[in-house]
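So you can see what is in the structure, the chains are spelled out below.
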Amino acid sequence: MAVVTLTFILTISVSAESLKVAVIRVAFQTDVSPATTGDGSFVLEDTSGLNCSDWSLDPPPHNRIYFEDHLLAADNYWQRVSDGHVNIDLANSTVFPQGENDSYLLPHDMLFYHPYLTDFNETAKLFELSRDAIALADNDIDFSIYTTIILVHAGMGGDFAFALDPTPGNIPSAYLAQSDFIEYGALTTDEGDLDDLIIIPESQNFLQYRETRSLFAEAEDPCFYQVALNGTIALMLGFHLELPPLYNTETGRSLVGGFALMDQGSNNFHGVVPAYPDPYTRIKKGWVNAEPKYVGDDVVLNQNDAPIRVSISENEYFLIENRQRNLHEPSDMIQWIDGPGFDTVSVTLSAGGVVLRVDEQNAGLPGNGLNIWHVDETAWFSDENPNGGAIQLVDFEEADGAQDMGFQTQLLFADYLETGWWFDPWFAGNAGWFHLNRHQDVIGDSLLNFSSTTFPSTQANDGTPSHLRIENISDNGLSMSFSVASDRMLNLNNPGAIIGWGDASQTLWTLNSDSSELIELHFFNGAISYVTNLLVTPDQIFEGSIDSVLNYRYPWIITNLANGTRFRNIETGSSRNFWSIVAPYEISVAGTRVSFFATQDNSEVLVKWDSHSGTSTSEVLVSPRAKFTTTAGTQIYIGDPNSKPAPVGLTHSDHIELRGDPPDELDVITWSSSAEALRINHLPGSEQDDLEVQRPDHIVPLDVDTDGSYEIALFYQNSVKIINQAGVAWNGSPFSVEAYRGNPLITPLIGNGATIFLRHQASYSIYTLDGQLLDSGVLPTMDYSVENSTGINQEGIVYILSGDDLLFVKPEEIQENSQFWTDPYGRQQGDRIVVLSGSPVTDPPVMKRESVYNYPNPVKGSSTTIRAWIGAVDNWTIEIFSLSGSQISYVDLDVKQQNSYNEWVWDASAASNGVFLAQISAGDQAEIIKIAIIR
């Protein structure tokens, strides 16, 4: 078959649900040119001399009833593919002129309106044709009662591409929209101006015209080369309904081929069976709703079910449908076969031979199986060419791994690849997939998968991995199945409730599926082994408990009793009951020392217990407290444990080895509600600093540049900001993030340095400390907060426990001094204390050269900030000069934090437009930068 290249002229129009159509038939002046089809009049009798009685498309006469039949066929199509949302109001649609064989006679021949031998504006000529036609029909038609105008001209359309086109004078089918009328002028009628118009030919059947019939005279079966008008009408009405074209309208290249109406799918099965519009379009029009599916879901998808959606992000996702061609499907309707071994379709014909209805709208698709569409709503290129950008708005994921659609194939006689073929849909045993995915592990029965390591892959269009797996794709059939998974997730074989990490976070404790056993999971060599705990049983854990709530801080499982609390060692089975002490929280464990807050006799208490000696103390508190005390007798910090952010502490490993009590030297970072500031208390003294920042949700101290001096990460719902102890933002801060669930983690995950892990509703993200997105992926959906923690096995694999989901990554290197926050409470001990083990940088530079700049630059307002990384000096100076050498400003500044960024804001309101030089000096070093002022 030749490739159809229907002309598209802009697609902004008024959408209609119930279409009242006026069909206007126009003939041309008598034409004897071999460059156009026909003689200018409508074909009213068969002169082909071919016997195509078993396979005859749109036979003459092409009279009024013929076009009424095509309106009925279009109504059947649109009601089916729109799920009844679009119909043609046949009772109020009319074919003009109303005489059976009549037509309006245009003042020119066909070549006048398409003078292919000269340079001409095709759209301008289409408007000239339209004006002539409307002028002839205006007296007969009340245009105000019709929503849709279809102008039908005699002859074939110029819609098919041939190597040597015998009829280049044919007029292309087109849709004229509002923007075209703005550019080329109105089509005025007695009832007002038209705002859109469809132009189509009377037929697309090559055999009905002498000029094109000769192309197939030597063919074994000339009757095979017929095309129906149904597909052209469906496509043009698609434009009228504002369905975006999915081919490249600038180049004519097919992008999704025969899999969708608004591309080559309009011409499926010789134009008899135009394809469904793509699922993205149907969803946007409100004709169907996509059912979301998430990691962990098993899906059964029946033919023509609503598409399912698997998201990469809010605006990028996959839509999956089950589409099955009608191969040898029995029917009580007339059955046509599209050649030996090809598709079949059963049809209902009108008395005049027009195909009014087909039994299956998927007949003629390039192949059977799952259609996987990659949608990126941010990739809308333009209203005229929405799918024509470097990244497609709607892309068909070709299962054979070769991107054929949208490109010209170099294979001889294989141009069918450009519009889709049998191996583009997804189904078990797809030989095309196996040809380019030989490295993939194959599950029994040749089940294949679509993942981050296959061709094509599930990565996002910007190259970000999604780690999504559509796996276990079944055989073709009216019902197909597959699973949604992530190759970042570890399959735990459906355990029961997860309790938490074991010794050194290298094992994981869970209950089995029916909660009858306590199981220890060991990770080794990429596999999981399951060991039943014979010393502790779930019955012992829950014995006497008043609820099913488990608190856990390794190695203690804590349950609530009727009048107390029980601690049971998960590894030895030993236990300790605390009578009259209930509802413990903020539990921390370091060796044999355990501390926690709880309620006792209606008072808040701080309990300290040495599990080795068995001794414990409880101190009554005035109100709920934060976590920190010191051995030097510094007061306990008062705070609400349920408020955000929770306070954190920071110390250095060379100060003290932590064994349950906070060290003498401790910086406590908390939020001061009274000062509306981030407060740093330097214990054991009374010194404190307040930093003016927006109140965060989480605070995490960390050493960004491993120089032994800490920075502070502030986490907000949609951003992360890292500041130094002077409140100056670190490079790259703040940066935006998707809203997240639970606590952040800061630990090596990708590469060899600390990274930030955030769990989102149905995905995760891993960032560098300066905001670069390193990795992301889909996860099972959840609408509640979760606790996130990490464990590392002996092979250096980091496991991330997020709620009940277990992920795994393999950093290049795990540095102990970059594991800053690995638990909801800081670290496995649960004390909310970050221990910095990095040593101070020796012999740091006085000033880093690449660090000196100002922002914004150029200055368009009244001020700019000058920024520099200053080393181990106490002062730095800034001098600002005009280009003439006059000093404009000079300041001598204290270094607020050594070995970190420092800033100063220059009030440039009095400075005129121009370029200024700023010299920044520290110690014996100086840098000069240019500052431009443009107002």
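The structure displayed is predicted, hence computed values, not measured ones.

Please clarify how the pattern of salt bridges should be interpreted in this entry.
Where charged atoms from two side chains of opposite charge come close, those side chains can pair. As enumerated under the stated definition, the model contains 18 salt bridges in all. Put simply, R210 and E211 hold a salt bridge, and the shortest N to O gap is 3.0 Å. Look at R210 and you get exposed, because its relative accessible area is 54%. One network of salt bridges, in which partners are shared, links R64, E68 and E100.

Before we go on, may I ask you to explain the nonpolar core in this structure?
A general feature of soluble globular proteins is that nonpolar side chains tend to end up buried together. Counting 79 residues, the largest nonpolar core has I24, W78 and L237 as its most contacted members. Here this core takes seven residues from helix α1 (residues 64–81), the largest share from any one element. Aside from chain neighbours lying at most four places away, what touches W78 is V86, A234, L237, G238, L241, L243, L261, P277 and W287. With 38 residues, the next largest nonpolar core counts Y740, A754, L758 and Y767 among its residues.

I'm lost on the packing of α1 against helix α6 (residues 230–240) in this one. Help?
To characterise two packed helices, one gives the angle between the axes of the helices and the distance between these axes. Where α1 contacts α6, the axes come no closer than 10 Å and their chain directions differ by 60°. It follows that α1 is oblique to α6 by the angle criterion. Two packed elements cross with a definite hand, and for α1 against α6 that hand is right-handed. For the pair α1 and α6, the contacting residues are H70, A73, A74, Y77 and W78 in the first and N230, I233, A234, L237 and G238 in the second. Residues of the contact of α1 with α6, tallied by class, amount to seven nonpolar, three polar and no charged.

What should I look at first to understand the sheet that holds strand β24 (residues 479–486) in this one?
Strand-to-strand pairing in sheets goes through backbone hydrogen bonds, with the strands running parallel or antiparallel. Taken in spatial order, the four strands make up an open sheet running β14-β24-β23-β22, and their pairing is antiparallel. With partners counted over all chains shown, the strands left at the sheet margins are β14 (298–302) and β22 (448–450), one partner each. Here the strands of the sheet are splayed against their neighbours by 30° on average, with no regard to which way each runs.

Mind showing me how you'd approach the state of the cysteines here?
Note on terminology: disulfide describes a covalent bond linking the sulfur atoms of two cysteines. Using the criterion set out here, one finds one disulfide in the structure. Here C52 connects covalently by a disulfide to C223, the sulfurs 1.8 Å from one another. Across the S-S bond linking C52 and C223, the dihedral sits near -80°, which makes this disulfide left-handed. One end of the pair, C52, is in the loop between β3 (21–27) and α1; the other, C223, is in the loop between α5 (210–213) and α6, and 171 residues separate them in sequence. Accessibility expressed as a relative area gives 10% for C52, which makes it buried.

Explanation requested: the environment of P538 in the structure shown.
Mapped onto the secondary structure, P538 falls in helix α9 (residues 538–542). Of the residues examined, P538 reaches a relative accessible area of 3% and is grouped as buried. In the structure, P538 is positioned 26 residues away from N512 in sequence and 9.7 Å away in space, judged by C-alpha atoms.

Explanation requested: the packing of aromatic side chains in the structure shown.
For any pair of aromatic rings, the description rests on two quantities: the centre-to-centre distance and the angle between the ring planes. Here the structure, examined in full by the defined rule, presents 35 aromatic pairs. When the centroid spacing of 5.4 Å and the interplanar angle of 65° are considered together, the rings of F206 and F216 count as edge-to-face. On the criterion of sequence distance, the pair formed by F206 in the loop between β12 (197–203) and α5 and F216 in the loop between α5 and α6 is long-range, its members being 10 residues apart. Grouping residues by exposure puts F206 and F216 together as buried.

The rules we used
- Residues numbered from 1 in each chain as written.
- Predicted model: local features only at pLDDT ≥ 70, side-chain atom pairs only at ≥ 80, totals over all residues.
- Heavy atoms only, no water.
- Salt bridge = Lys/Arg side-chain N within 4 Å of Asp/Glu carboxyl O.
- Buried < 20%, exposed > 50% of the residue type's maximum accessible area, 1.4 Å probe, protein only.
- Core = buried A, V, L, I, M, F, W, Y, C linked by side-chain atoms within 4.5 Å.
- Helix = DSSP H or I, 4+ residues; strand = E, 2+ residues; numbered from the N terminus.
- Contact = heavy atoms within 4.5 Å.
- Axes fitted to C-alpha atoms, helices over the stretch in contact; angles between N-to-C directions.
- Parallel < 35°, antiparallel > 145°, perpendicular 65-115°, else oblique.
- Left-handed = near helix turned anticlockwise from the far one by under 90°.
- Nonpolar A, V, L, I, M, F, W, Y, C, P; charged D, E, K, R; others polar.
- Pairing = 2+ DSSP bridges.
- Disulfide = S-S within 2.5 Å.
- Phe/Tyr/Trp six-rings, centres within 6.5 Å; stacked < 30°, edge-to-face > 60°.

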